[in-house]
Amino acid sequence: MMDFTLLTFDTLDSTNSEALRQAKLGAEEGLCIVAREQTAGRGRRGREWSSQKDAGLYFSVLLRPKLDPQFLPLITLVAGVAVHEMLAELGLEPDIKWVNDVLINEKKICGILAETTETDTGTAVVLGIGINLHSKNLPEDVAAKSTSIQELGLNPGNDAASNLVRTLTRHIERFYVELLKADGPSSIISEWQQRSTYFSGKRVRVVLENDAIVGVTDGLEPNGALRLRRDDGDVVIIQTGDVERLRSKP
Ligand code: BTN
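These numbers were taken from a predicted model, which means no experiment stands behind them.

Each value, and the rule that gives it
- Residues numbered from 1 in each chain as written.
- Predicted model: local features only at pLDDT ≥ 70, side-chain atom pairs only at ≥ 80, totals over all residues.
- Heavy atoms only, no water.
- 1 Å grid on protein atoms, 1.4 Å probe; cavity = no way out; pocket = protein on both sides within 12 Å on 5 of 7 lines; lining within 4 Å.
- Points joined across faces, edges and corners; volume = space filled by probe spheres on them.
- Helix = DSSP H or I, 4+ residues; strand = E, 2+ residues; numbered from the N terminus.
- Nonpolar A, V, L, I, M, F, W, Y, C, P; charged D, E, K, R; others polar.
- Pairing = 2+ DSSP bridges.
- Axes fitted to C-alpha atoms, helices over the stretch in contact; angles between N-to-C directions.
- Contact = heavy atoms within 4.5 Å.
- Near = heavy atom within 4 Å.
- Polar contact = N/O pair within 3.5 Å; in protein donor to acceptor, adjacent residues only side chain to side chain.
- Areas by Shrake-Rupley, 256 points an atom, 1.4 Å probe, with all protein chains shown as cover.
- Sits in = over half its atoms within 2 Å of the grid points.
- Salt bridge = Lys/Arg side-chain N within 4 Å of Asp/Glu carboxyl O.
- Buried < 20%, exposed > 50% of the residue type's maximum accessible area, 1.4 Å probe, protein only.

Throughout the structure, instances matching the rule amount to 1 cavity of 30 Å³ or more. Considering the residues around the largest cavity, the lining is formed by 13 residues, among which S50, A55, G56, Y58 and L138 are closest to the centre. Among the secondary structure elements, those contributing two or more residues to the lining of the largest cavity are β3 (56-63) and β7 (122-132). Residues of the lining of the largest cavity, tallied by class, amount to 5 nonpolar, 7 polar and 1 charged.

Here it is, written out as structure tokens:
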């Protein structure tokens, strides 16, 4: 059993930043940071994560994985699969869009940001998870593509955050322990495959730093990178990028 220690704050710059600071100070694996509000919540690829008070669950957990570094990106998939399980337990039907947006009815309900840092006791990974509890007050462009626990007709309740944290840590533990086993990397990919319609055969556009590629998804590499088959038949391997679903051939 992992030991989870929970620290909750009214307000923080970012729960990921706090967990990274604590990691540098020697905090142990299993430290969880939750804040009711973030003043500098961040998303993937330098984006902001809107984090108004009690509008979402803002959660980070510190891990110190004994894992071949090439497989570190799979920790992000562990989080996606764990959130998927948690939402399915609430009776919802989630999907995971590579790499780790959790969607319901094709709208985003959860974003995941994994960050690593070197510490005196080895590499630390902070897994940051943001789940929308309410949709009010989201920036307009975000609101159109997002949903929330409340919008889906569930009552987030007064202690939504603490209930969700308990379920979430239980699922993170299960899939993290699975990842660390001898054949863990391939079994996490298969857990992910079972929960994502994006795994293969989905026509998408992948937006990269200075470019965009269109193609059909063709499974994941052993480290979790996305394989995309372009129309000319070449397979491109994508380590980071944003996937957008396309409905029809151009
Ligand atoms: C994304 O979809 O771009 C990832 C969003 C991750 C947001 C969470 S909220 C808790 C943690 N603290 C942060 O500053 N970011 C992550």
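Now for the sheet that holds strand β2 (residues 31-38). By definition, the strands of a sheet pair up through backbone hydrogen bonds, in either a parallel or an antiparallel sense. Here we have 7 strands laid out as an open sheet, ordered β1-β2-β3-β7-β6-β5-β4, and mixed in their pairing. If you trace the sheet from one side to the other, it starts and ends with β1 (5-12) and β4 (94-97), each paired once. Adjacent strand axes in the sheet meet at a mean angle of 20° when their direction is disregarded. Lying on the sheet, helix α4 (residues 160-180) is in contact with β1, β2, β3 and β7; it crosses β3 at an angle near 35°.

A few words now on the site of the ligand. Contacts to the ligand come from 20 residues, most closely from S14, Q38, R42, R44 and K108. Here R44 contributes a backbone N or O atom positioned 2.6 Å from an oxygen atom of the ligand. Here K108 contributes a side-chain N or O atom positioned 2.6 Å from an oxygen atom of the ligand. When the ligand sits alone it has 420 Å² of accessible area, and the protein chains cover 99% of it. Counting atoms within 2 Å of the grid points, the majority share of the ligand lands in the largest pocket. Secondary-structure elements contributing two or more residues to the shell around the ligand are α1 (15-24), β3, β6 (107-119) and β7. If one sorts the elements of the shell around the ligand by residue count, β6 sits on top with 4 residues. In terms of residue class, the shell around the ligand is made up of 6 nonpolar, 10 polar and 4 charged.

As a further point, take the pattern of salt bridges. Applying the stated criterion across every chain, the model contains 23 salt bridges. Ionic pairing is found between D101 and K97, a salt bridge with its closest N-O pair at 3.4 Å. Judged on exposure class, the residue D101 and its partner K97 are both buried. With a closest N to O distance of 3.0 Å, D218 and R227 form a salt bridge. Several salt bridges converge on common partners, so that one network encompasses R44, R45, R47, E209 and D242.

These values are about where atoms sit, not about what they do.
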